[in-house]
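# Observations on the three-dimensional arrangement
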Amino acid sequence: MAYENIVFEKDGPVAIIKFNRPKALNAINPELLEEAHDALDNIEEDRSLKVLVITGEGEKAFVAGADIAHMVNLSPLEARDFSRTGQEFMARLEALHLPVIACVNGYALGGGTEIAMASDFIYASEKAKFGQPEINLGVIPGFGGTQRLPRLVGKARAKELCMTGGMIGAAEAKEIGLVNKVFPPERLWEETMKTAKNIASKGKVSLKAVKECIERGGNVDLTDGCLMESDNFGLCMASPDGKEGMTAFLEKREPRFKGELP
Ligand code: DAK
């Protein structure tokens, strides 16, 4: 599929999706979502990939939300479909076998904050702004914001953001636990790629196991979560990478992870 609303690239083991509608501050329309789903299909099939970075094209925005010009004319049924396609995209990011880093270079509003939250963690530019402004449009977050935001920052802060529709800067987003690290704009991409490549140097089986344990562990009690962890620990030990990592340590050399499944 030819992409017009995203840029999809690979830098060695790192896949990169850039939302690419800079004139509309990368607002999400159905075409963009369709292309982003297609890129995820490609990523799922390419066994050489180990990390996905998502970001926005241009200086100003990561994603300024769902495309309001598109949404204004939706019938209730079309709105439900649009919401479901968006939610499916977020769910796919969360369930993807690769770690996903959101590199938030500017406005991340509404659906933009929601995409960033469905990633595994967020690095942001000092210029980034986050918010759930849907209340100002007479609606509510439609891509999972009312569910993921409170899980990340607590119910009270999530309610404040969703009820006021206000924006917060990167420093406050970091303070409340939405963002992991904040960088000057000119260093954001370099720092994100440094972390992406560091993660890509690890074993694929253990990366997937960590993601799954932490992601799914949040939905079960501690006992079941620990059971899931020990099952995944066993799986890592059964994989060639588990043996390789420990052997490399004992032989005082760098591990050579191959990412093969047991
Ligand atoms: N949609 C469409 N166009 C947008 C846009 C958006 N979300 N955000 C910006 N643009 C466009 C502007 O209209 C403008 O276009 P032109 O006038 O140049 O043609 C261009 O991008 C540049 O924007 P501004 O001129 O406004 O730039 P400023 O620097 O002055 O302001 C801003 C930047 C980010 C503060 C401002 O653009 C803004 O407030 N944008 C809207 C932010 C927003 O409200 N986002 C949340 C969208 S709601 C659901 C599914 C999903 C959702 C809800 C329900 N279901 C179907 C149930 C999700 C909803 C949302 O995400």
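Preceding block: the structure.
Residues numbered from 1 in each chain as written. Predicted model: local features only at pLDDT ≥ 70, side-chain atom pairs only at ≥ 80, totals over all residues. Heavy atoms only, no water.

### Things to note about the packing of helix H1 (residues 30–45) against helix H3 (residues 76–95)
It is the contact of H1 with H3, at a shortest axis distance of 10 Å, that shows an interaxial angle of 30°. Considering their axes alone, H1 and H3 lie roughly parallel with respect to each other. H1 and H3 meet at a crossing whose hand is left-handed. Within the contact between the two elements, H1 uses Pro 30, Leu 33, Ala 36, His 37, Leu 40, Asp 41 and Glu 44 and H3 uses Phe 82, Thr 85, Gly 86, Glu 88, Phe 89, Arg 92 and Leu 93. (Axes fitted to C-alpha atoms, helices over the stretch in contact; angles between N-to-C directions. Helix = DSSP H or I, 4+ residues; strand = E, 2+ residues; numbered from the N terminus. Parallel < 35°, antiparallel > 145°, perpendicular 65-115°, else oblique. Left-handed = near helix turned anticlockwise from the far one by under 90°. Contact = heavy atoms within 4.5 Å.)

### Observations concerning the pairing of strand E5 (residues 100–104)
Most of E5 is tucked away, with five of its five residues classed as buried. Of the two faces of E5, both are covered, the one formed by Val 100, Ala 102 and Val 104 as well as the one formed by Ile 101 and Cys 103. Judged from the four bridges that link them, strand E3 (residues 51–56) and E5 form a sheet pairing that is parallel. Opposite Ile 54, over in E5, you have Ala 102 as the bridge partner. Examined bridge by bridge, E5 and strand E7 (residues 121–125) share four bridges and lie parallel to one another. The residue bridging Val 104 from the neighbouring strand is Ala 124, located in E7. (Buried < 20%, exposed > 50% of the residue type's maximum accessible area, 1.4 Å probe, protein only. Pairing = 2+ DSSP bridges.)

### Focus: the sheet that holds E5
One open sheet accounts for six strands, arranged E1-E2-E3-E5-E7-E10; its pairing is mixed. Across the chains shown, the open sheet's two edge strands, defined by having one partner strand only, are strand E1 (6–11) and strand E10 (181–183). On average, adjacent strands in this sheet sit at an angle of 20° to one another, irrespective of strand direction. One ladder, built from six bridges, connects strand E2 (residues 14–19) with E3; its direction is parallel. Bridged to Ala 15 within E3 is Leu 52. Set on the sheet, H1 makes contact with E1, E2 and E3; between it and E1 the angle comes to about 20°.

### A look at a nonpolar patch on the surface
Together, Ile 68, Leu 137 and Val 139 make up a nonpolar patch on the protein surface, roughly 250 Å² of accessible area in all. Tracing the backbone through its elements, the reader meets Val 139 in the loop between strand E8 (129–131) and helix H5 (145–153). (Patch = residues over 30% accessible without salt bridge, like charges linked within 9 Å, V, L, I, M, F, W, Y side chains within 5 Å. Areas by Shrake-Rupley, 256 points an atom, 1.4 Å probe, with all protein chains shown as cover. Salt bridge = Lys/Arg side-chain N within 4 Å of Asp/Glu carboxyl O.)

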